[in-house]
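Coordinate analysis (summary)
Read off the chains here:
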Amino acid sequence: MRSVSRFMPGERIEDALAAASQLHHEGIGAILTHLGENLTTPDEADEVTRHYLGVLERASAAGIGAHISIKLTQLGLDLDPELCRRNLQRLVERGGELNTLVWIDMENARYVDQTLALFRHMRERSPWVGIALQAYLYRTEGDLESLLPLGAALRLVKGAYLEAPDVAYPRKSDVDDNYFRLAVRILGEHDRAGGMLHIATHDSALVDRLGAEIEARRIPPSYYEFAMLYGIQKTLQRRLVSAGQRVRVLISYGADWFPWYMRRLAERPANVWFVVRQAFN
Ligand SMILES: Cc1cc2nc3c(=O)[nH]c(=O)nc-3n(C[C@H](O)[C@H](O)[C@H](O)COP(=O)(O)OP(=O)(O)OC[C@H]3O[C@@H](n4cnc5c(N)ncnc54)[C@H](O)[C@@H]3O)c2cc1C
């Protein structure tokens, strides 16, 4: 489908690596993620893990400093948490050998406890692992306080799933306010060894507000990066790069793009019109 190509360079890892190389030339870093939803067998989880081990090798060989980002459900979390832990460990260990950060995505609210527990377990063994935190969840403020002492790589996002009002702020303005508060809290920890923040949002107002905080507090550039999705807010990405900021783009690839694509559309109903227009072209 042509409209999907706006958000992903292609279904194959080669497409993602080519896009990452192009971005590298433009001064933008990359994070590679293979699209896939929940699995049904341990063999599938093993296949995903082996795929990512290959991605780590290829990204490292390309010399573009790309990170990878994984979903624990793709490594077998629903099937067997111990299997998932072993798969994650294989990736984080190999990532460490290749100086490549392995990010753990945050999925539905019901996975948060297990995801944080596996992250903590892995962080005690390696600095080459990072975790996403969702500003729409009430619990994130408390989770953050328990993670900060670890000196962790944290990716702050608003949150992409449809959550109930008893676990997540229903109002966008509250999510935005919480995002700002949490980001400022993390920035305040910039002296802590091993810590870093990915400001993962396309919200230009938030980006500007946080940019002003960063300047006022003289946060070292090594402590944070702006992160966005491939194909979204390209002008903002370039503006930040021109201003000397570090920007990284998450590139998705894979055949299983449909549920992921639907979430991108739900985030911004205007995209639906884009699809409709494409469908008639
Ligand atoms: C690097 C990265 C990693 C992520 N990892 C996770 C994760 O692990 N778990 C998770 O739950 N979520 C994750 N997300 C998704 C995130 O939670 C949000 O759903 C998504 O980023 C949209 O929120 P926003 O912060 O951009 O703000 P919004 O307020 O939704 O958007 C701000 C502005 O950005 C633009 N914009 C936003 N989305 C789109 C779009 N789809 N198409 C075109 N323009 C758009 C629009 O101009 C919009 O006004 C990730 C996002 C990024 C960038």
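We now turn to the structure provided with this report.

The rules behind each value
Residues numbered from 1 in each chain as written. Predicted model: local features only at pLDDT ≥ 70, side-chain atom pairs only at ≥ 80, totals over all residues. Heavy atoms only, no water. Helix = DSSP H or I, 4+ residues; strand = E, 2+ residues; numbered from the N terminus. Rg over C-alpha atoms; globule rule 2.2 N^0.38 Å. Buried < 20%, exposed > 50% of the residue type's maximum accessible area, 1.4 Å probe, protein only. Contact = heavy atoms within 4.5 Å. Areas by Shrake-Rupley, 256 points an atom, 1.4 Å probe, with all protein chains shown as cover. Lys, Arg positive; Asp, Glu negative; His and termini not counted. Charge placed at Lys NZ, Arg CZ, Asp CG, Glu CD. Core = buried A, V, L, I, M, F, W, Y, C linked by side-chain atoms within 4.5 Å. Pairing = 2+ DSSP bridges. Right-handed = clockwise from strand over helix to strand, strands pointing away. Salt bridge = Lys/Arg side-chain N within 4 Å of Asp/Glu carboxyl O.

1. Topic: the overall build of the chain
What the chain contains, in helices and strands, is 10 helices and 8 strands. Here the C-alpha radius of gyration of the chain, 18 Å, is about what a compact globule of 281 residues would show, namely 19 Å. By its C-alpha atoms, the chain is 50 × 50 × 45 Å across when sized along the principal axes. Counting the 281 residues in the chain, one finds 52% classified as buried. Partitioning the contacts of the chain with sequence separation of at least 6, the portion at a separation of at least 24 is 75%. Total accessible area on the chain stands at roughly 12,900 Å², and carbon and sulfur atoms take up 52% of it. Distance from the positive charge centre (34 side chains) to the negative charge centre (36 side chains) of the chain: 5 Å.

2. A few points about the environment of T49
Structurally, the position occupied by T49 is in helix α2 (residues 42-62). Judged by relative accessible area, which is 0%, T49 ranks as buried. With 25 residues separating them along the chain, T49 and Q74 place their C-alpha atoms 8.4 Å apart. Discounting residues that sit within four places of it in the chain, T49 has contacts with L75, N87, R90 and L91.

3. Quick word on the nonpolar core
Within the largest apolar cluster, 79 residues are counted, with the highest numbers of intra-cluster contacts made by L32, I70, L72, L88, L154, L210 and I251. The element best represented in this core is helix α6 (residues 172-187), accounting for 8 residues. In this structure, L72 is in contact with L77, C84, L88, I104, E107, T115 and L118, ignoring residues within four places of it in sequence.

4. Thoughts on the pairing of strand β2 (residues 67-70)
Here β2 shows two buried faces, one formed by H67 and S69 and the other by I68 and I70. Bridge count for strand β1 (residues 29-34) against β2 is 2 bridges, and the pairing is parallel. By the bridge assignment, L32 is partnered in β2 with I68. One crossover worth recording links β2 to the parallel strand β3 (residues 102-104) by way of helix α3 (residues 81-97), and it is right-handed.

5. Things to note about unusual backbone geometry
Most peptide bonds take the trans configuration, and most residues that are not glycine carry a negative phi. Despite not being glycine, N99 shows a phi value in the positive range, around 55°. Topologically, N99 is positioned in the loop between α3 and β3. For N99, a relative accessible area of 57% corresponds to the exposed category. Of note in this structure, R218 is not a glycine but carries a positive phi near 50°. Within the secondary structure, R218 sits in the loop between α7 (204-216) and β7 (224-229). Accessibility expressed as a relative area gives 72% for R218, which makes it exposed.

6. What about the pattern of salt bridges?
Evaluation of the coordinates by the stated rule reveals 24 salt bridges. When the shortest N-O distance is used, the salt bridge between R125 and E124 registers 3.7 Å. Overall, the relative accessible area of 61% leaves E124 in the exposed class. Put simply, R185 and E189 hold a salt bridge, and the shortest N to O gap is 3.2 Å. Taking the relative accessible area as the measure of exposure, R185 reaches 31% and is therefore partly exposed. A single salt-bridge network, built from bridges that share partners, covers E145, R185, E189 and R192.

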